[in-house]
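Examination of the molecular architecture
The primary structure of each chain is shown beneath.
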Amino acid sequence: MFITAVYLIQGGAVVQWVGLGFESRLGAHPGAGRHRSRSIAMSVSLDKEAYYRRIKRLYANWKVKWGINAVLILVHTNVGSHSLRLVPLQTWLFGYELTDTIMVFCESQILFLASKKKVEFLKQVAVTKGNENANGVPPIILLLREKNESNKANFEKMLEAIRGSREGKSVGVFIKDRFPGDYMKSWSDMITAEGLERVDVSAAVAYTMAVKEDGELALMRKAAGITSEVFTKFFKERVMEIVDADEKVRHSKLAESVEKAIEEKKYLGGVDSSAVEMCYPPIIQSGGNYNLKFSVVSDKNHMHFGAITCAMGVRYKSYCSNLVRTLMVDPPQEMQDNYNFLLQVEETLLKELKHGVKLCDAYNTAVDFVKKEKPDLVAKFTKTLGFAMGIEFREGALVLNSKNQYKLKKGMVFSVSLGFSDLINKEGKKEEQKKYALFIGDTVQVNENDEEDEEEVDDAEKLLDCGTRGAALLADRTRNEMTAEEKRRAHQKELANQVNEEAKRRLTEQKGGQQIQKPRKSNVSYKNISQMPQEKEIQEMKLFIDKKYETVVMPIFGIATPFHVATIKNISMSVEGDYTYLRINFYVPGSSLGRHEGNVFPNPDATFVKEITYRASNLKTPGDHSVPSTNLQNAFRIIKEVQKRYKTREAEEKEKEGIVKQDSLVVNLNRSNPKLKDLYIRPNIAQKRMQGSLEAHTNGFRFTSVRGDKVDILYNNIKHAIFQPCDGEMIIVLHFHLKNAIMFGKKRHTDVQFYTEVGEITTDLGKHQHMHDRDDLYAEQMEREMRHKLKSAFKNFIEKVENLTKEGLEFELPFRDLGFQGAPYRSTCLLQPTSSSLCNVTEWPPFVVTLDEVELVHFERVQFHLKNFDMVIVYKDYSKKVTVINAVPVNSLDPIKEWLNSCDIKYNEGVQSLNWTKIMKTIVDDPEGFFEQGGWSFLEPEGEVGDGEDSESEMEDETFNPSAEEDDGDEDDSDEDYSSETEDSDYSASLGSEEESGKDWDELEEEARKADRESHYDEADEGTRKRKGRASAAPPSSKKKRRR
């Protein structure tokens, strides 16, 4: 039997965010929580590459495995609708939810019946002409929904398509979905009247979506990391506080506090908080009442200090994660043994989760292990051991149980959760102590090898050895937990390989596209001789300046020769005695043409004039109307004027070079447009700063100054829109970092900001100050009110703009808690991360770095005795100059590392400052050679720097000389110890032997005295002579020893 079509329908009003209503409390999808789905607006873009890639996979599985003739998909969001599969499928295909839509997938075409806005949105993939990625994907036919509920004409077109798809006898549907309303009923009746057989394809679609792409896995890793942070840094610490203080806290209240914790930035690792939410309300259980399912609710009982189970999951950008832990307070030995056994069961299960293994086989392996080791616990073991997870929190078709025949595939992600319930605590005296449960779970990824990548980097912990309720909790690691630094190093090691591979691939693709040096602009004075001026000065062989053609006509060997003013490098005039000298220097090959000018001449082999000097008398001869030097003086003045005008025009043209032509601003004449008044603009339009108003229109902003100047900024040209509140600042700012520069004030700008002052930036120090002065108190109160008023006005403006653009433009908010001091320019400022950048917008010039463009970060001058270090940002575009942030306090190093690690950015550190201009030139000139030698691994600290320091310390140790009071035996021992430490160094050994054999004069004198006493010289004079003889003979004997 073949199925003809699978159809999806979704109906309802278009809204921005809707709760789909399948809460587990209502008997629908367990643990779905507040699943947010975005509606479609015309300005929203669709990821075409992802759509083509995924629709191909959907069709490939359909043709091979499903055995149906067409796929019919209905999605409905009205009250009373019930949709489990359709919203995740649409999110997977389009990135958004298409409400009020019917989709029919046939063998040779795809039909959509939708409203006007969604039809406009779908046109992005409906036109496949010229798109290589569309190959193999059936064309899309868009049908506009009629206002009446019947839509018979459109329904007939879709039924005709179903009839023509294969045999046209069956359609694939999602059987469990229910859609009320006349619109859906009329469509369902037509399907029934047609006699088409309905076949459920829910499981088949789920299996197709279960294999995750790299981008999806990255989002799930991020979600899992946030879940781990919230559990480790908030929930576990909070439980310890409760036990220490012997507080009485209800499970429901503790669960609410966990939900609020995900709104705090310190647990989010720098991600956008608006994209983070709980998959389901956290489930906290203790005191003998346990239900090891994700469809239960935290009850209102007080937390009991025994076995505390906690289940929580965070959803990030529609993708889910899950974590389950059990915390134990003062557990008996039997409880600890059962917990350790549960960990062994999980490890056994994880070893089975690999490509090609059936879900039932993995389940049976875990159950058999329990039967073999502790058969009495089999009846208390959970009936299922987990489920597949992705956009959908719990995929009902891919559950780890004894009956599921589906095979695991590489790239699938599972929430593994297993436990024992109704366990008896023999030492329990109170009713709530007699029963307990153990429950653990992680988010894991299926691989091809025997190792599973656990997404949850935090390990299970249990709280042990708590004698009384008021005692402190001692946390013992029951799994091998890494420290934060070890985790960072492990992650950085992975990133190092990724950076080298991606950079090598990127540079290989760019090979051959090297930038060609631009030749110097060739300026022609006159195209033909007819344009040559016929002035009197030329006939008299004087200097003449033609302002129209910007040319200096000079007499050379009796011939009037024109030179364009662009060829003149500089001119100088001097008076020596009775003569005036005018010296003119020209640009020639080999001379410096300026910092930003090309040094390539169009015809470098030609003959060039380097300089010309003219001399004229300062004395007036009889019969002359003027002094001869007057011509040189006038020429000097006019040449300067023409040069200045030419250079000004060239600078303006250079500013306009590379400017991308922007679309025209579509002005909305509606008076209710979002608008902010009394703002200043930076950079200034004129020399003086002027106030104006910023107004949001259909496709961009327009700033209008009080004198009528206009600056337009289009939404599609904004790379970063940053809102800097006035908390801790003297100004409140809206900053726009642009993709392409715009021109105003005769200059090009990529950063434009609008701000207003919220307090006195300057303070009168001569004014008498008193802490209880009424005027000062009133001024402070007024400033607080003004700050609050401005903050509310700006936030209101931002919300209106985001609503106007249908979330197409999102404002980023700097995370002040993650900020650090640094000097990207001349002065030190507070640099603050946002969700996608590192910025400072309160100082001018502003500093904005896009994190997606960063290749790696290198910390220079990181030494123990220094208070500051430098931070070098290397971009993926190696032709772009590196950014150096100077004077970063050393106490900010660890927070910066943590932030960079959470953003998946590679970092290194070293003790020296490097010549980055030379390094980047070497890489660009020979990228293959650079990466063959290890790429960026030369920045790793385990290099020559450590060896150099060791050898230096060895040299210092070797130069140490023992004092004269030590006896020979002590000297020998110390030498032996030292030589054993430095036996690897031949140089150190030879140096040590020299130091050992050489003796100073005091030692020689002491040896002479000993010799005198042994020889029993009684006469002082003879002893003195002997000592002098020995002393004078000492240096030669020392030299002989050194020769040996």
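These numbers come from a predicted model, not from an experiment.

**With respect to the side chain of serine 902**
- Topologically, serine 902 is positioned in helix α16 (residues 893-902).
- With near-sequence residues (within four places) excluded, serine 902 lies in contact with Lys222 and Gly269.

**Comments concerning the nonpolar core**
- In terms of nonpolar packing, the biggest core is built from 89 residues, with Tyr51, Ile55, Phe94 and Phe414 touching the most fellow members.
- Of all the elements, helix α9 (residues 333-352) adds the most residues to this core, at eight residues.
- Of all hydrophobic cores here, the second largest spans 32 residues; its members include Phe235, Val239, Leu268 and Leu327.

**Some words on the packing of aromatic side chains**
- Under the criterion given, the structure shown has 35 aromatic pairs.
- For the pair phenylalanine 294 and phenylalanine 393, a centre-to-centre distance of 6.0 Å together with 80° between the ring planes defines the contact as edge-to-face. Placement of the pair is phenylalanine 294 in the loop between β11 (283-285) and β12 (307-312) and phenylalanine 393 in the loop between β16 (386-388) and β17 (395-399), with a sequence separation of 99 residues. Residues phenylalanine 294 and phenylalanine 393 agree in their burial class; the two are buried.
- Geometrically, the ring pair formed by phenylalanine 701 and phenylalanine 797 is tilted, given 6.2 Å between the ring centres and 35° between the ring planes. Of this pair, phenylalanine 701 sits in strand β31 (residues 700-705) while phenylalanine 797 sits in helix α15 (residues 774-804), and the two are 96 residues apart along the sequence.

**Re α16**
- For α16, a buried count of seven out of ten residues is recorded, marking the element as mostly surrounded by other parts of the structure.
- Within α16, the full set of buried residues consists of Leu893, Ile896, Lys897, Trp899, Leu900, Asn901 and Ser902.
- Looking one or two residues past α16, aspartate 904 carries a phi angle of roughly 60°, positive in sign.

**Section: the confidence of the model for the chain**
- For the chain, per-residue confidence averages 77 on the pLDDT scale, and 75% of positions sit at 70 or higher.
- Across the chain, the element-wise mean pLDDT spans from 26 in strand β2 (residues 17-19) up to 96 in strand β40 (residues 847-850).
- Predicted confidence for residues 75-83 stays below pLDDT 50, and this span has 42 contacts to residues more than four positions away or in other chains.
- Considering only residues more than four positions removed or in separate chains, one finds that residues 943-997, a stretch of pLDDT under 50, has 21 contacts.

**Topic: the sheet that holds strand β25 (residues 559-564)**
- One open sheet accounts for three strands, arranged β23-β24-β25; its pairing is antiparallel. Edge positions in the open sheet fall to β23 (544-546) and β25, since each of these has one partner strand only. Pairs of neighbouring strands in the sheet enclose a mean axial angle of 30°, with direction left out of account.
- With three bridges joining them, β23 and strand β24 (residues 551-556) adopt antiparallel strand pairing. Pairing of isoleucine 545 across the sheet is with valine 552, part of β24.

Analysis parameters
- Residues numbered from 1 in each chain as written.
- Predicted model: local features only at pLDDT ≥ 70, side-chain atom pairs only at ≥ 80, totals over all residues.
- Heavy atoms only, no water.
- Helix = DSSP H or I, 4+ residues; strand = E, 2+ residues; numbered from the N terminus.
- Contact = heavy atoms within 4.5 Å.
- Core = buried A, V, L, I, M, F, W, Y, C linked by side-chain atoms within 4.5 Å.
- Buried < 20%, exposed > 50% of the residue type's maximum accessible area, 1.4 Å probe, protein only.
- Phe/Tyr/Trp six-rings, centres within 6.5 Å; stacked < 30°, edge-to-face > 60°.
- pLDDT = per-residue confidence, 0-100.
- Pairing = 2+ DSSP bridges.
- Axes fitted to C-alpha atoms, helices over the stretch in contact; angles between N-to-C directions.

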